Each structure stands twice: as C-alpha cells, then as structure tokens.
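# Chain and residue survey
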Amino acid sequence: MRHPRTLARIAICAALVSVPRVALALEARVTQIRTTDARLWAAIEVRDLLRDRFLELVREGKAVFVQLQADLWEDHRVFDRVVLTTPAATYRIDPDISGPGIILLDQYGGTSRHADVRQPISLRVELGPADRVEDGQTYYLHTLVTAATADERDIDQAGVALFGSEESTRGL
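Residues numbered from 1 in each chain as written. Predicted model: local features only at pLDDT ≥ 70, side-chain atom pairs only at ≥ 80, totals over all residues. Heavy atoms only, no water.

## Examining the overall build of the chain
Each helix and strand counted, the chain has three helices and nine strands in total. Of the regular secondary structure in the chain, the N- to C-terminal order runs α-β-β-α-β-β-β-β-β-β-β-α. For the chain, buried positions account for 34% of its 172 residues. If you take every contact in the chain between residues at least 6 apart in sequence, the share linking residues at least 24 apart comes to 58%. Accessible area of the chain: about 11,000 Å², with a carbon and sulfur share of 53%. (Helix = DSSP H or I, 4+ residues; strand = E, 2+ residues; numbered from the N terminus. Buried < 20%, exposed > 50% of the residue type's maximum accessible area, 1.4 Å probe, protein only. Contact = heavy atoms within 4.5 Å. Areas by Shrake-Rupley, 256 points an atom, 1.4 Å probe, with all protein chains shown as cover.)

As structure tokens, this is what we get:
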C-alpha cells in the first residue's frame, strides 16, 4: 500500500475536525478511516441518538431513520478542494423484538444488532477509491448526520396539510 502516511494524516485531521459537537443533543465523530481493497471508508460513531422522543418511538415499535453524508476534503491554504463526496447513506433503526436492544439496517440490506441503546451506534460509509488520496497532502472529513422519523401522526398531519381534511372544502 502506498497510502499509510496519508491515512495517518487523514486520521489526525479527522480527529481534529471531529471534536464532538452537540447539535440538538446529537453527537457524531469519526472513529476510523481505512482502505480495503483499494477503497477508502470511514466509521462514524453517533452518540445520544436514541434519547427522549426517538427512544420512545423505537420502544413503541416505530422506526427511526438516520442519514449520513461524508465528504473528504483536501486542505489548502486558500481554497480547500473536495476530493470525494458520497451520496447520502440511509440507515433504519428498528426495535429488536428478541430483547431491549435495536436492529440497525443499512440501505444495502446489512443488519447489525445493538443490545444497549445507550451505547454509541457505529455507521460505516464508503468514501470512494483510495487512489484519489495522494501522499504528502492533508485531508479532512466533513460529515453530516440527520435523524428523522415517519410517525403515523406526522404522516396524517402532512396529508392534511397537503390535501386538506375531509371536513374542509379546501384542498386538492
């Protein structure tokens, strides 16, 4: 492999960039950047995702959806350059019917079980071909993690907002 030094630089920059930042009680940080079979991938650890309302929804048997997008940037003095960008990866979190944990399903059909909902959830995203990373350059990883749900009440309210209620003469 010709990228060991570059991967070390990416990991250091990812560690610096991924200093935990809380946004609406959601914390995500980059835990790994690796190459496998000439592909570059990253592991993102999401903490405190299943708290309050999301945890209540999962315990009621409803799903929570997590979307992850990651961009690998090359650090320059004036303008940074996007090296790799990924389409958003979507994950579904369902309750584990065999116990108190959860099941994490990725968009490709892969599943993993998590017994303790208080533990961080690790999401893996493939960034792209490793040959896009050059020795001697400095890179950082920018990630965006979004969590949402499609609760029946939300769907009903969206339907009323779009199409109107049966009692109303207004609507589509």
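## Describing the packing of aromatic side chains
For any pair of aromatic rings, geometry is given as the distance between the ring centres together with the angle between the planes. A full pass over the atoms with the stated rule returns one aromatic pair. With 6.3 Å between their ring centres and 5° between their planes, Trp73 and Tyr140 make a pair best called stacked. With Trp73 in strand S3 (residues 64-74) and Tyr140 in strand S9 (residues 139-149), this pair connects stretches of sequence that are 67 residues apart. Here Tyr140 falls in the buried class, since its relative accessible area comes to 19%. (Phe/Tyr/Trp six-rings, centres within 6.5 Å; stacked < 30°, edge-to-face > 60°.)

## Focus on the confidence of the model for the chain
For the chain, per-residue confidence averages 75 on the pLDDT scale, and residues scoring 70 or more make up 72% of the total. The lowest-confidence element of the chain is helix H1 (residues 4-17), averaging 52 in pLDDT; the highest-confidence one is strand S4 (residues 81-85), averaging 88. Confidence drops under pLDDT 50 across residues 15-25; counting only partners more than four residues distant or on other chains, this segment forms eleven contacts. (pLDDT = per-residue confidence, 0-100.)

## Considerations on helix H2 (residues 52-59)
Of all the positions in H2, only Leu55, Leu57 and Val58 are classed as buried. Buried residues of H2, seen end-on, are gathered within an arc of 160° and therefore sit on one face of the element. Every exposed residue of H2 that faces more than 90 degrees away from the buried side is listed here: Asp52 and Arg59. In this structure, the buried residues of H2 make contact with S3, strand S5 (89-95), strand S6 (102-106) and S9. (Arc of directions from axis to C-beta.)

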